[in-house]
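Observations on the model geometry
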Amino acid sequence: MPRFESVDHLNQYRRQLKAKFDPNQLQVLVCAGPGCLPLGSNALAEAFRAALAERGLNGKVVLKSSGCQGLCAKGVRVLIRPQEISYQKVAPEDVPEIVETTLIKGGIVDRLLYQDPVSGEKCVHKSEIPFYQRQQPIVLRKLDVIDPESLDDYLLLGGYRSLRKAFFEMTPLQVIEALERSGLRGRGGAGFPTGRKWRICREAPEKVKFLICNGDEGDPGAFMDRAVMEGDPHAIIEGMIVGAYAIGASQGYIYVRHEYPLAVKRLKLAIEQAREAGFLGKNILRSGVNFDIKISQGSGAFVCGEETALIASIEGFIGEPSPRPPYPAQAGLFGLPTVINNVETWANVPEIINMGPDWYAAIGTENSKGTKVFSLVGAVNHTGMVEVPMGTTLRQIIFDLGGGIPGGKEFKAVQTGGPSGGCIPQHFLDLPVDYDSLQEVGSIMGSGGMIVMDQTSCMVDVARYFINFLFEESCGKCTPCREGLRQLVHIYNEIINGRGEESHLALMEDLCTAMRSASICGLGQSAVNPVLSTLKYFREEYEAHIFRKKCPALVCRPLIKYTIDPDICTGCLACVRECPVGAISGIRKEAQEIDQELCIKCGLCYEVCQFEAVRRE
Amino acid sequence: MDVARLEAILSRYEGESYDLIPILQDIQDEYNFLPKDELKEVAKRLSVPLSRIYSIATFYKMFSLMPKGEHQIKVCLGTTCHLKGGQRLLDSISSRLGIEVGYTSKDGKFSLETVGCLGSCAQAPVMMVDDKYYARVTVDKVPKILKQYQQYQ
């Protein structure tokens with residue numbers, strides 16, 4: 001890779017890459033995204049490597065590990081280009097057949113194709129699969145076609161093109177105006193207009209300014225930022241360079257969770273590549289812009305996703321938030337003006353500059369422009385990552401893209417916005433998803449986690465789960481959050497242990513009001529959303545727990561009872577071996593019995609029984 | 001205290017107080033915990049009080065003041081894993097190893113931890129042993145996974 005001294009030099013190199021690129025080149029892209037990786041992407045890529053070598057195809061077929069290909073439910077996914085054949089649930093055993101049938105003979109391996117669950121029709125190409133048809137990828141556009149470790153791949157698809165336009169055709173203020181006109185709002189959750197944030201920072205009198213990319217994606221159930229950091233790291237860096245030019249910063253930071261080791265590795269590599277190529281450093285492309293990026297790793301604290309806590313963490317302190325104002329754009333890192341945006345926001349910037357703000361503003365709704373990436377998980381057929389225009393309805397996302405609820409079960413709720421979000425019931429399924437509409441129904445956009453729940457989920461348990469999570473993660477600095485969460489945990493424990501009282505419901509609402517108005521940061525202020533939304537939309541479930549001492553979804557342990565059906569039990573002793581408290585006894589090959597006094601209701605027997613002899617009521 | 005071992009870490013940094021957390025991360029990675037003598041030395045070198053190091057070491061989850069096991073098991077209790085039986089998975093591992101969350105098994109082989117979300121929600125429930133992910137881990141898969149690590153030595 002040369003060091004690019006000017007835009008002409010870069011363009012010339014890009015032309016050479018294009019001239020060398022053969023559009024008919026056979027490529028095998030093995031998905032190594034967050035969903036496929038644990039299913040064995042690396043072993044599959046190795047199997048391809050070996051098979052290609054064995055068949056003497058090394059020079060003829062290019063093998064790559066790509067970023068997330070979207071439809072995680074059917075991993076490991078493999079995309080064959082240029083035909084765009086999309087195979088799913090591919091295992092190393094399938095590799096010889098793919099090599100023989102598709103790569104050598106040009107045919108299709110029928111059994112590895114996507115099959116429509118309703119019509120039974122099979123889709124050969126990616127573009128025919130309904131999951132992809134309704135999406136409009138901007139941020140995810142390159143994820144399934146590039147090797148995230150190759151700068152050439154990124155440049156070939158127009159990477160770092162926005163620098164020419166920003167540096168040489170626009171003034172910093174014009175870049176900020178473009179961002180304002182595009183209507184881009186912060187994708188981290190709160191939705192503050194990005195252009196306005198940049199302007200506040202630019203107009204601050206201090207000379208030294210900073211940029212931060214918030215990659216501390218801590219919301220349970222969300223993995224969009226992880227997928228982008230792992231799958232297209234240069235897009236984030238490019239966005240940050242444009243931002244540095246606009247606000248006049250010379251140092252940037254990317255703050256990544258240490259739980260994402262691959263994202264750290266890929267970002268480090270991409271920063272090195274960008275430095276070598278002259279996109280980072282002094283006098284970038286002879287524009288006079290000096291900018292470099294450091295990586296700062298999180299150490300396992302959810303609260304550090306909050307911007308002021310994150311800044312404290314980079315400064316070398318514990319992650320305690322500070323009251324705002326002053327906002328980081330006025331006084332942030334080391335007390336200096338700092339723009340902090342999340343991964344997805346930065347990754348949107350290059351395309352907004354390339355295509356123009358009006359193009360971007362034409363997508364989405366009146367107050368929420370562009371697209372949003374969601375991780376669609378839980379009780380839904382097509383779990384995976386989707387990018388849709390703002391304003392797409394929940395029904396379209398969950399049923400058209402997501403393929404509905406598996407196992408013929410019924411939709412109960414969708415949880416958006418992580419622990420700060422709420423649970424949205426069925427009668428809002430036609431709600432267009434944008435910042436404002438989600439807030440109106442008591443939830444938030446958040447970073448983009450979307451967790452679908454069916455009738456087997458207990459909404460009291462879900463709310464309790466989030467409150468427990470937040471209680472563990474509350475930094476303890478302010479009393480309303482620390483003590484409010486402690487009391488909520490206590491009340492939830494009373495309710496699920498069968499000691500709930502009617503007065504608890506009003507008490508919870510009171511606590512929530514106090515926490516919302518008096519907590520220092522977003523963690524405490526929005527912690528009330530899971531409680532209030534479930535109290536509002538699923539009150540009958542609370543009442544069942546409190547008045548009838550029953551958990552209708554059979555989730556809350558103390559309120560359920562496990563027994564063994566003597567007519568079905570074969571006495572295989574699988575449950576006896578699994579029971580952690582030795583509560584199951586009986587003679588081998590005869591029906592077993594659970595001692596209700598000893599039973600801790602963990603449900604392990606229920607899960608290991610092959611014969612469905614364990615009853616739960 | 002092995003001075004050279006600590007020096008190798010300190011030499012990567014400029015010695016400013018904002019280097020504190022990255023230095024502690026490196027010590028945690030290298031030693032598998034934060035040994036007391038090394039922390040005292042770090043405090044001296046960066047001119048920060050030991051109490052600040054203690055507050056950081058006990059605030060962030062990745063740090064441990066006690067030695068961790070040879071293999072670190074992280075069971076994901078993210079929302080999707082919670083809904084799909086992450087707690088049952090945790091209970092099963094905990095009872096098989098005879099340790100509670102946050103502890104290390106007597107033979108020093110395993111430490112058991114939970115994590116807020118590993119980001120592989122599509123394959124819930126998920127767990128990690130060291131750097132390896134395990135997808136859709138039902139309780140019956142647990143013995144086989146643990147055995148792999150018990151056999152190697």
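From a predicted model like this one, the values you see are computed outputs, not experimental measurements.

This part is about helix α1 (residues 7–20) of chain A. Taking 1.5 Å of rise per residue, 14 residues should cover 20 Å, and α1(A) covers 20 Å from first to last C-alpha, within 8% of that figure. Those residues of α1(A) that are buried lie in contact with α5 (151–156) and α6 (161–169) of chain A.

Each partner contributes residues to the interface: chain A has 55 residues there, and chain B has 41 residues. Contact between chain A and chain B buries roughly 3,900 Å² in total, counting both sides, with carbon and sulfur atoms accounting for 57%. Linking chain A with chain B are four salt bridges. Between Glu607(A) and Arg88(B) there is a salt bridge whose closest N-O contact spans 2.5 Å. Inspection of the chain A/chain B interface yields 30 residue pairs in polar contact (both at pLDDT 80 or more).

Now for the nonpolar core. The biggest cluster of nonpolar side chains holds 156 residues, and the ones touching the most others in it are Tyr160(A), Val175(A), Trp198(A), Ile241(A), Phe279(A), Phe291(A) and Ile398(A). Of all the elements, helix α10 (residues 233–247) of chain A adds the most residues to this core, at 10 residues. Grouped together as the second largest cluster of nonpolar side chains are 33 residues, Phe210(A), Tyr255(A), Val42(B) and Val48(B) included.

Right, let's get into the sheet that holds strand β3 (residues 127–129) of chain B. Residues and elements named next belong to chain B. Spatially, β2-β1-β3-β4 is the arrangement adopted by the four strands of the open sheet, whose pairing is mixed. The sheet is open, and its two edges are formed by β2 (110–115) and β4 (132–134), each paired on a single side. Each strand axis lies, on average, 20° off the axis of its neighbour in the sheet, ignoring direction. Bridge count between strand β1 (residues 71–76) and β3: three bridges; the pairing is antiparallel.

Right, let's talk about the pairing of strand β8 (residues 251–256) of chain A for a bit. Residue and element names in this part refer to chain A. Here β8 lies mainly inside the structure; five of its six residues are buried. Here strand β7 (residues 210–215) pairs with β8 via six bridges, running parallel. In the sheet register, Phe 210 faces β8, and the bridge partner there is Gln 251. As paired strands, β8 and strand β9 (residues 292–297) are joined by six bridges and run parallel to one another. Counterpart to Tyr 253 in the pairing with β9 is Lys 294. You can see the chain leave β8, run along helix α11 (residues 261–276) and come back into β9, and the turn it takes is right-handed.

Calculation criteria
- Residues numbered from 1 in each chain as written.
- Chains lettered and ligands numbered in written order.
- Predicted model: local features only at pLDDT ≥ 70, side-chain atom pairs only at ≥ 80, totals over all residues.
- Heavy atoms only, no water.
- Helix = DSSP H or I, 4+ residues; strand = E, 2+ residues; numbered from the N terminus.
- Expected span 1.5 Å × (residues − 1).
- Contact = heavy atoms within 4.5 Å.
- Buried area = accessible area lost by both parts, 1.4 Å probe.
- Salt bridge = Lys/Arg side-chain N within 4 Å of Asp/Glu carboxyl O.
- Polar contact = N/O pair within 3.5 Å; in protein donor to acceptor, adjacent residues only side chain to side chain.
- Core = buried A, V, L, I, M, F, W, Y, C linked by side-chain atoms within 4.5 Å.
- Buried < 20%, exposed > 50% of the residue type's maximum accessible area, 1.4 Å probe, protein only.
- Pairing = 2+ DSSP bridges.
- Axes fitted to C-alpha atoms, helices over the stretch in contact; angles between N-to-C directions.
- Right-handed = clockwise from strand over helix to strand, strands pointing away.

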